4 protein chains.
Amino acid sequence: MSANWGTNIELSLFGESHGKAIGIVIGNLPAGIKLDMDEINKNMKRRAPGLNKMSTPRKEKDEVEIMSGILDGVTTGAPLCALIYNSDQHSKDYSLLKECMRPGHSDYPAYIKYQGFNDVRGGGHFSGRLTAPIVFAGSVARQILKQKGIVIGAHIQSIKDIQDQRFAVDINEEDLNQLLQKPYPTIDDHVFDEMQAVIEEARVNQDSVGGKIECAILNVPAGIGNPFFDSIEAHLSPLLFSIPAVKSVSFGLGEDITKLYGHEANDSYYYENDIVKTKTNNNGGITGGISNGMPIIFSVGIKPTPSISQTQQTINVKTQENTTLQITGRHDPCIVPRAIVVVESMAALGILDMIG
Amino acid sequence: MSANWGTNIELSLFGESHGKAIGIVIGNLPAGIKLDMDEINKNMKRRAPGLNKMSTPRKEKDEVEIMSGILDGVTTGAPLCALIYNSDQHSKDYSLLKECMRPGHSDYPAYIKYQGFNDVRGGGHFSGRLTAPIVFAGSVARQILKQKGIVIGAHIQSIKDIQDQRFAVDINEEDLNQLLQKPYPTIDDHVFDEMQAVIEEARVNQDSVGGKIECAILNVPAGIGNPFFDSIEAHLSPLLFSIPAVKSVSFGLGEDITKLYGHEANDSYYYENDIVKTKTNNNGGITGGISNGMPIIFSVGIKPTPSISQTQQTINVKTQENTTLQITGRHDPCIVPRAIVVVESMAALGILDMIG
Amino acid sequence: MSANWGTNIELSLFGESHGKAIGIVIGNLPAGIKLDMDEINKNMKRRAPGLNKMSTPRKEKDEVEIMSGILDGVTTGAPLCALIYNSDQHSKDYSLLKECMRPGHSDYPAYIKYQGFNDVRGGGHFSGRLTAPIVFAGSVARQILKQKGIVIGAHIQSIKDIQDQRFAVDINEEDLNQLLQKPYPTIDDHVFDEMQAVIEEARVNQDSVGGKIECAILNVPAGIGNPFFDSIEAHLSPLLFSIPAVKSVSFGLGEDITKLYGHEANDSYYYENDIVKTKTNNNGGITGGISNGMPIIFSVGIKPTPSISQTQQTINVKTQENTTLQITGRHDPCIVPRAIVVVESMAALGILDMIG
Amino acid sequence: MSANWGTNIELSLFGESHGKAIGIVIGNLPAGIKLDMDEINKNMKRRAPGLNKMSTPRKEKDEVEIMSGILDGVTTGAPLCALIYNSDQHSKDYSLLKECMRPGHSDYPAYIKYQGFNDVRGGGHFSGRLTAPIVFAGSVARQILKQKGIVIGAHIQSIKDIQDQRFAVDINEEDLNQLLQKPYPTIDDHVFDEMQAVIEEARVNQDSVGGKIECAILNVPAGIGNPFFDSIEAHLSPLLFSIPAVKSVSFGLGEDITKLYGHEANDSYYYENDIVKTKTNNNGGITGGISNGMPIIFSVGIKPTPSISQTQQTINVKTQENTTLQITGRHDPCIVPRAIVVVESMAALGILDMIG
């Protein structure tokens, strides 16, 4: 499994759900950045499990210990390694999972790829828990971006069939700050109650649901990106698809833009005083792979949590027979709320890598 | 602008719509591959313009001249450079486009990024014409993949609101061959007539429409890919987003999987004799970033062609005033049919890069 | 500072001499490798300080703690993170080194590059101590290479003016094993006494000396590598120059080949039974960037340790005046013996990255 | 064979000695650079063959045709593709070279690597002729660097046993300009006569000689580079080893620094007015992988041309027997003079990639 990513900013991600620790190395950080650890921990908590009955009751403190790259709270320019120890390891018997492949999970392809040597406890390196170090790295990236005026925020665009509004064309920093205050950020304040009901129903039924997250990156100047392989989309999409359970990535209106006529889809330019704006932002602030100065808007689709307690049909790779499997333990009936900060973090890392 | 892409297979893409030539260098090709030029030219024609009134009447022969890497029609292992000369250059006056930014196009962000030095004639390096060398490279990749049994095919999933069926769970090579025979491949033979009517209506109205393309990659063995930054999705998505006008990329059911319950979304495994299959393929043959042996299914959303002849509102960056613009010339009212082979080509390049 | 390196095998190096810990992440390791920790620790000891009066008396146990990627002593295929805690931290006052730039060290360029934010304690991330995790990673690489029959060994080619013999054309695994037994490996058993005298003289004079290390990689099959940017030399040289104090890298006879005639420099091929060999190995087993099946031979030149206790002239960047500096503390009068295993480790990592 | 190289500046090198054309794609060029084609052609001529009896009489005009990335002589920011057609192709019979492996050449390892499919005519992609597009790319890089005040020049440090002086510590731009005026640049004007005699003797004896080239890069500001994998040495060395026949790369005094004491090798800093200088430059302007503001000095060792007309012993891979081989045709008895501009070009590309 590859660990490394990035050019102007570098990551190396490691660890397994039930190993000693998970963590990340961040290379090419600028020197002299005073890290705001309160801000970082706030983000870590947004992702952490156990906050309510919509998420797994597993309690991980997700405390970050920085091993290098920092002196007196300020980056030295040297690679920063952050560790998160796994406190909540169970001596549970995982032998069943070595044989019976959980549907919707990485179990079977990983079994083939790593010839059965991969750590299956809690999903090993495939665990959603690996997004914790990504939130740490993303939070560091956000602090660097903030110095350049760039801010990022996201909301729950949908849970199953329940839709929130989409970002308005004139979305601003204040709007994002308001979303950040909400435990379950939606633009329409009432819609989350409906979403919550759907999630609770799934939980009661030992089932799960997914949804979509829409994210905005504000104040990226026009002229960032390139056509083809070095476009903004080409930079952000692999990061977003690296978030476990993400099955779609869209920019601007995404799939919905395919239902418009050209005269509707094209975003008309106009000068507002000296500033170039577009009347609509159907293209999500990007044309030709390059930012046009409007908010960069994208959304990701997250599938229902594959871990469900219902009995499922599957295979036993040891006996090579069809079988049934019931997964016990603690599962999120919906990971969408916890994934918001992960999406924001990936966006921060991708943009920071591009503006170097 | 970056030219290079890839690791196990390497690309370097160059050229402008109205320059001397466009082309591509392909590095790390295996030696000893006898290129089937007929097959390659068949693919080039699937992308070429001017075939009917749904596409631009511009006539480019798209004849490929191979400058290196081939001896007696067989790859030598050395980098292969393929050139396509631009035969249909007009001495048209492009000065208007240096000032008036076409909505929905790269004009304005490119103007900022390259300080006005970029070649605006026909879109320069941003032109959709640059997909011609990609189809060449993709066709070479497909011939290498074919030797490993891997085949690729796509169909028009939708044009504006008109939907084709989606690939069946047991899609096979014969199905893909049948699609390849059709000039406008849809699974439901009748649906293209409706699509054609929508496109024709847009053409008559000096407007344009977009749509979606669904693509299948068959016979990729289980165990290709890795979690996180080296997943199949992380490899394919930047290539797919490098196709001009692509605004969304989805794997499996994509956004639609967010509307299912977990027990529906999970693809149950079963043995069919010795072979592991899944009863549904909602995850598009990929879980945890790794292939599971089922067909890899993905789809892309393509926005309506931004070039429309209707008068549009925009800015003049020289006078710094708001203005209107009418783009004359030859435009595709819908590029989706021509983009099919481009999507297949990108899929081939991405998979070949992964299986090295 | 960049942390990451490699493609088929990936590294991410982090830590500072006097921080909490140093370490390395190794990505893309094959699954199922049973690590021989005794062998690894033997290599760690070959690099460790404090073994005799030729090296610094600083005592670091260099105990490796593996945080991820291993289950029951076997690689899982997931990124392996190895930590070495810094046990021997002193509360020494380093304020002088923030102002007075040590000649021959990274102090001044790092001060400029990182605007004074870099950790100067013990050299920070520039410390030779960072080669400890590299020896760990290299030792893992060697165990993977060993399964393919590839073995690596090196000897002290020179200390200052004292020269050892060079590897014979028929160097074999047994020869390398004998070198590994020696605390100070030289081919000519007697020559190390002379070398030791030179080192001791330098130590007594508060001075230092350098030397050369010649390394052999045996049993690399013919056909590894490529011309130009993907040659064996292009892969190994950046790794070798990443070893602090290395100022030259040579393949085969290196600079000495420039003194031969073409008819002497060319290595004539012959069949010994079915095996292709060359009568001489002046090209060090590589022509055109590709291995020819003969031992790969290279050598590195290591400058005298820049840390010497003599009074030196330098600048004070705070007062912006010329000044003198006397560096107290513990220094190696010659790091060449400890660098041998580092050179071998880099060779292992480079070759493993190439044969993937 | 890999074609691509670089990050901030990208290359893709292609072509074979006797194919249709050789060439290079340069990506990530800044827009708005007016190319001085006279300057470029002057460099092309410094490398071109046939200038006198010290080089091969083969006449290649090495005329560069730019296919993309330029409009009205100014870079557009798009990838620049430059072609050089092969005018001097012979219909000579190359069948012998497919069987009998030339000692010192890539023939045998390439035969194994590419299973006999590689183009052997004139060495194919391994030909020294491939350095022509590199000189083109390097010349473009030099023009960009010149705008930042950075200049590059080299001299013949030695031919066989005949040594020129080395660069003085206070080498300046005027010194480099004087070297550029000389057809065979040496610092000591008289030493080239001796070198010429050695080359002529080799030519008469159907033999060849090699030598060393020392190169200086002036006005690189302090603070470029990083420790370990991102050092100046790690960037430049793979480029320099990509030049055919280069067997050693040294920075500063290189191997000779191993013969000094630490107190001699360390370069003492001092202020000359406000400017930081060192009294000696044994470290070649680099410590800890980072520039210190002094001239960056490096040297490469080039082996004797492997193509000699003397009868040599070798193998026939078809009959699998030992045999003798006499290579007819046109060979350089010494390629060192023609390689000077290639070394300078690689230095320019490496530095431009680092300062982005």
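Each remark here, short or long, concerns the structure printed above.
Cut-offs and rules
- Residues numbered from 1 in each chain as written.
- Chains lettered and ligands numbered in written order.
- Predicted model: local features only at pLDDT ≥ 70, side-chain atom pairs only at ≥ 80, totals over all residues.
- Heavy atoms only, no water.
- Helix = DSSP H or I, 4+ residues; strand = E, 2+ residues; numbered from the N terminus.
- Rg over C-alpha atoms; globule rule 2.2 N^0.38 Å.
- Buried < 20%, exposed > 50% of the residue type's maximum accessible area, 1.4 Å probe, protein only.
- Contact = heavy atoms within 4.5 Å.
- Areas by Shrake-Rupley, 256 points an atom, 1.4 Å probe, with all protein chains shown as cover.
- Least-squares fit on C-alpha atoms with pLDDT ≥ 70 in both.
- Buried area = accessible area lost by both parts, 1.4 Å probe.
- Salt bridge = Lys/Arg side-chain N within 4 Å of Asp/Glu carboxyl O.
- Pairing = 2+ DSSP bridges.
- Polar contact = N/O pair within 3.5 Å; in protein donor to acceptor, adjacent residues only side chain to side chain.
- Phe/Tyr/Trp six-rings, centres within 6.5 Å; stacked < 30°, edge-to-face > 60°.
- Lys NZ or Arg CZ within 6 Å of the ring centre and 35° of its normal.
- Axes fitted to C-alpha atoms, helices over the stretch in contact; angles between N-to-C directions.
- Parallel < 35°, antiparallel > 145°, perpendicular 65-115°, else oblique.
- Nonpolar A, V, L, I, M, F, W, Y, C, P; charged D, E, K, R; others polar.
- Left-handed = near helix turned anticlockwise from the far one by under 90°.
- Disulfide = S-S within 2.5 Å.
- Patch = residues over 30% accessible without salt bridge, like charges linked within 9 Å, V, L, I, M, F, W, Y side chains within 5 Å.
- Lys, Arg positive; Asp, Glu negative; His and termini not counted.
- Charge placed at Lys NZ, Arg CZ, Asp CG, Glu CD.
- Expected span 1.5 Å × (residues − 1).
- Arc of directions from axis to C-beta.

Colleague: Summarise the overall build of chain A; cite the residues concerned and give the values.
Modeller: Counting secondary structure elements, chain A contains 9 helices and 18 strands. Whereas a compact globule of 356 residues would reach a radius of gyration of roughly 21 Å, chain A reaches 21 Å, a difference of no more than 12%. Along the first, second and third principal axes, the C-alpha set of chain A runs to 70 × 50 × 35 Å. Burial statistics for chain A: of 356 residues in total, 67% are counted as buried. Look at the contacts in chain A between residues 6 or more apart in sequence, and 72% of them connect residues 24 or more apart. By element, 47% of the accessible surface of chain A is carried by carbon and sulfur atoms, the whole surface being about 11900 Å².

Colleague: Kindly report on unusual backbone geometry, identifying the contributing residues and their values.
Modeller: Positive phi is not limited to glycine here, since Gln115 of chain A has a value of about 50°. Look at Asn273 of chain D: it is not a glycine, yet its phi comes out positive at around 55°. Considering the arrangement of structural elements, one finds Asn273 of chain D in the loop between strand E12 (269-272) and strand E13 (275-278).

Colleague: Please provide a residue-by-residue account of the relation of the copies chain C and chain D, values included.
Modeller: Relative to chain D, chain C is turned by 180° and slid 0.0 Å along the rotation axis, the superposed coordinates differing by an RMSD of 0.0 Å. The superposition operator between the copies reduces to a two-fold rotation axis. Of the interface residues in chain C, 100% have counterparts in chain D that sit at the interface too, so the contact is made through matching surfaces.

Colleague: Explain the interface of chain C and chain D to me, and be specific about the residues and the numbers.
Modeller: Each partner contributes to the interface: chain C provides 98 residues, whereas chain D provides 99 residues. Contact between chain C and chain D buries roughly 8000 Å² in total, counting both sides, with carbon and sulfur atoms accounting for 60%. At the boundary of chain C and chain D, one finds 2 salt bridges. Taking the shortest distance from any N to any O, the salt bridge between Glu255 of chain D and Lys212 of chain C comes out at 2.8 Å.

Colleague: Tell me about the pairing of strand E10 (residues 211-218) of chain D, and name the residues and values.
Modeller: As a general feature of sheets, a regular strand has side chains that alternate between the two faces. Residue and element names in this part refer to chain D. Within E10, 8 of the 8 residues are buried, which leaves it mostly tucked inside the rest of the structure. By the alternation rule, side chains of E10 split into Gly211, Ile213, Cys215 and Ile217 and Lys212, Glu214, Ala216 and Leu218, which are all buried. Direction of pairing for strand E8 (residues 151-159) relative to E10: antiparallel, over a ladder of 8 bridges. From the neighbouring strand, Ile159 faces E10, where its bridge partner is Gly211. Where E10 meets strand E16 (residues 296-302), 7 bridges bridge the pair, whose relative direction is antiparallel. Counted as the bridge partner of Cys215 is Phe298 from E16.

Colleague: Which residues make up the side chain of Gln312 of chain B, and what are the values?
Modeller: By the secondary structure assignment, Gln312 of chain B is in strand E17 (residues 312-316). At a separation of 2.9 Å, a polar atom in the side chain of Gln312 of chain B contacts the side chain of Asn266 of chain A. Beyond its immediate stretch of four places on either side in the chain, Gln312 of chain B contacts Asn266 of chain A together with Pro103, Pro306, Thr323, Thr324, Leu325 and Ile327 of chain B.

Colleague: Describe the pattern of salt bridges, and please don't skip the residues or the numbers.
Modeller: Opposite charge on two side chains makes pairing possible when the charged atoms of those side chains draw close. Applying the stated criterion across every chain, the model contains 68 salt bridges over all chains. Connected via shared salt-bridge partners are Arg46, Arg142 and Glu344 of chain A.

Colleague: So what's going on with the packing of aromatic side chains? Which residues, and what values?
Modeller: Scanning all chains against the criterion turns up 28 aromatic pairs over all chains. Relative to Phe229 of chain C, the ring of Phe228 of chain C lies with its centre 6.5 Å away and its plane at 55°, an arrangement referred to as tilted. Like Phe229 of chain C, Phe228 of chain C is buried. An aromatic cluster of at least three residues, connected via ring pairs, comprises Trp5 of chain A together with Phe228 and Phe229 of chain B. The ring of Tyr261 of chain B is capped by Lys160 of chain A, whose NZ or CZ atom sits 4.2 Å from the centre of that ring.

Colleague: How would you summarise the packing of helix H1 (residues 37-47) of chain A against helix H9 (residues 336-355) of chain A if you had to cite specific residues and measurements?
Modeller: Residue and element names in this part refer to chain A. Two numbers describe how H1 lies on H9: the axes approach to 7 Å, and their chain directions differ by 135°. Classed by the angle they form, the pair H1 and H9 counts as oblique. Along its contact with H1, which presents Asn43, Arg46 and Arg47, the element H9 presents Arg338, Ile340, Val341, Val342 and Glu344. Its residues placed into classes, the contact of H1 with H9 shows 3 nonpolar, 1 polar and 4 charged.

Colleague: Tell me what's going on with the environment of Ile335 of chain C, and back it up with residues and numbers.
Modeller: Residue and element names in this part refer to chain C. Here Ile335 lies in the loop between strand E18 (321-325) and helix H9 (336-355). Owing to a relative accessible area of 21%, Ile335 belongs among the partly exposed residues under this scheme. Measuring from C-alpha to C-alpha, the distance between Ile335 and Arg47 comes to 9.5 Å, with 288 residues separating the pair along the chain. Residue contacts for Ile335: discarding those within four places in its chain leaves Pro244, Ala245, Ile302 and Thr305.

Colleague: Describe in detail the sheet that holds strand E8 (residues 151-159) of chain A, supporting the description with residues and values.
Modeller: Remark on secondary structure: sheet strands pair via backbone hydrogen bonds, oriented parallel or antiparallel. Reading across from one edge, E9(A)-E8(A)-E10(A)-E16(A)-E11(A)-E11(B)-E16(B)-E10(B)-E8(B)-E9(B) is the order of the 10 strands in this open sheet, with antiparallel pairing throughout. Looking along the sheet, the strands with just one partner apiece sit at the ends: strand E9 (162-163) of chain A together with strand E9 (162-163) of chain B. Sheet topology places strand E11 (residues 246-251) of chain A next to strand E16 (residues 296-302) of chain A; 5 bridges connect them, and they run antiparallel. Bridging from a neighbouring strand, Phe251 of chain A pairs with Phe298 of chain A of E16 of chain A. Contacts from helix H5 (residues 173-181) of chain A reach E8 and strand E10 (211-218) of chain A within the one sheet, and its direction differs from that of E8 of chain A by about 60°. Packing against the sheet, helix H6 (residues 191-204) of chain A makes contact with E8 and E9 of chain A, and its axis sits at approximately 60° to E8 of chain A.

Colleague: Describe the sheet that holds strand E2 (residues 10-15) of chain C, with residues and values.
Modeller: Residue and element names in this part refer to chain C. Across the sheet, which stays open at both edges, the 5 strands sit in the order E1-E2-E3-E7-E4 with antiparallel pairing between neighbours. Of all the strands in the sheet, the pair left with one neighbour each is strand E1 (4-5) and strand E4 (64-66). Direction of pairing for E2 relative to strand E3 (residues 21-27): antiparallel, over a ladder of 6 bridges. Bridge pairing in E3 places Glu10 opposite Gly27. Helix H4 (residues 131-147) rests against E2, E3, E4 and strand E7 (80-85) of the sheet, and its axis sits at about 30° to E3.

Colleague: Let's hear about the environment of Val140 of chain C: which residues, and what values?
Modeller: Residue and element names in this part refer to chain C. Considering the arrangement of structural elements, one finds Val140 in helix H4. Under the relative-accessibility criterion, Val140 is labelled buried at 1%. Each C-alpha atom, one on Val140 and one on Ile156, is 23 Å from the other, the two residues being 16 residues apart in sequence. Every residue in contact with Val140, bar those within four places of it in the chain, is listed here: Ile26, Leu29, Leu35 and Ile40.

Colleague: Can you tell me about the packing of helix H7 (residues 232-241) of chain C against helix H7 (residues 232-241) of chain D, naming the residues and giving the values?
Modeller: Interhelical geometry of H7 of chain C versus H7 of chain D gives an angle of 155° and a closest axis separation of 8 Å. Classified by the angle their axes make, H7 of chain C and H7 of chain D are roughly antiparallel. The chirality of how H7 of chain C crosses H7 of chain D is right-handed. Contacts from Glu233, Ala234, Ser237, Pro238 and Phe241 of chain C in H7 of chain C reach Glu233, Ala234, Ser237, Pro238 and Phe241 of chain D in H7 of chain D.

Colleague: Can you tell me about the state of the cysteines, naming the residues and giving the values?
Modeller: Within this structure, the stated rule accounts for 0 disulfides over all chains. For Cys334 of chain D, which is in no disulfide, the shortest distance to another cysteine sulfur is to Cys215 of chain D and amounts to 17 Å.

Colleague: Hey, could you go over a negative patch on the surface for me, with residue numbers and the actual values?
Modeller: All names here are of chain A. Residues Asp170, Glu173, Glu174 and Asp175 make up a contiguous surface patch of negative charge. Position of Asp175 among the secondary structure elements: in helix H5. On the basis of relative accessible area, Asp175 is assigned to the partly exposed category, the value being 31%.

Colleague: Explain the side chain of Asn226 of chain A residue by residue, including any values.
Modeller: Tracing the sequence through the fold places Asn226 of chain A in the loop between E10 and helix H7 (232-241). A distance of 2.5 Å separates polar atoms of two side chains, one belonging to Asn226 of chain A and the other to Tyr114 of chain B. When residues no more than four places from it in sequence are discounted, the contact partners of Asn226 of chain A are Ser231, Gly288, Gly289 and Ile290 of chain A together with Met1, Ser2, Lys113 and Tyr114 of chain B.

Colleague: Before we move on, could you go through helix H6 (residues 191-204) of chain D and cite the residues and values that matter?
Modeller: Because each turn of an α-helix spans 3.6 residues, side chains separated by three or four positions in sequence point in the same direction. Residues and elements named next belong to chain D. Its 14 residues place the ends of H6 20 Å apart at the C-alpha level, agreeing with the 20 Å of an ideal helix rising 1.5 Å per residue. The set of residues buried in H6 consists of Val191, Phe192, Met195, Val198, Ile199 and Ala202. Buried residues of H6, viewed axially, fall in a sector of 115°; they line one side. In this structure, H6 carries Asp193 and Val204 as exposed residues pointing more than 90 degrees from its buried face. On its buried side, H6 packs onto E8 and strand E9 (162-163). In the stretch just after H6, Gln206 is the one whose phi turns positive, near 55°.

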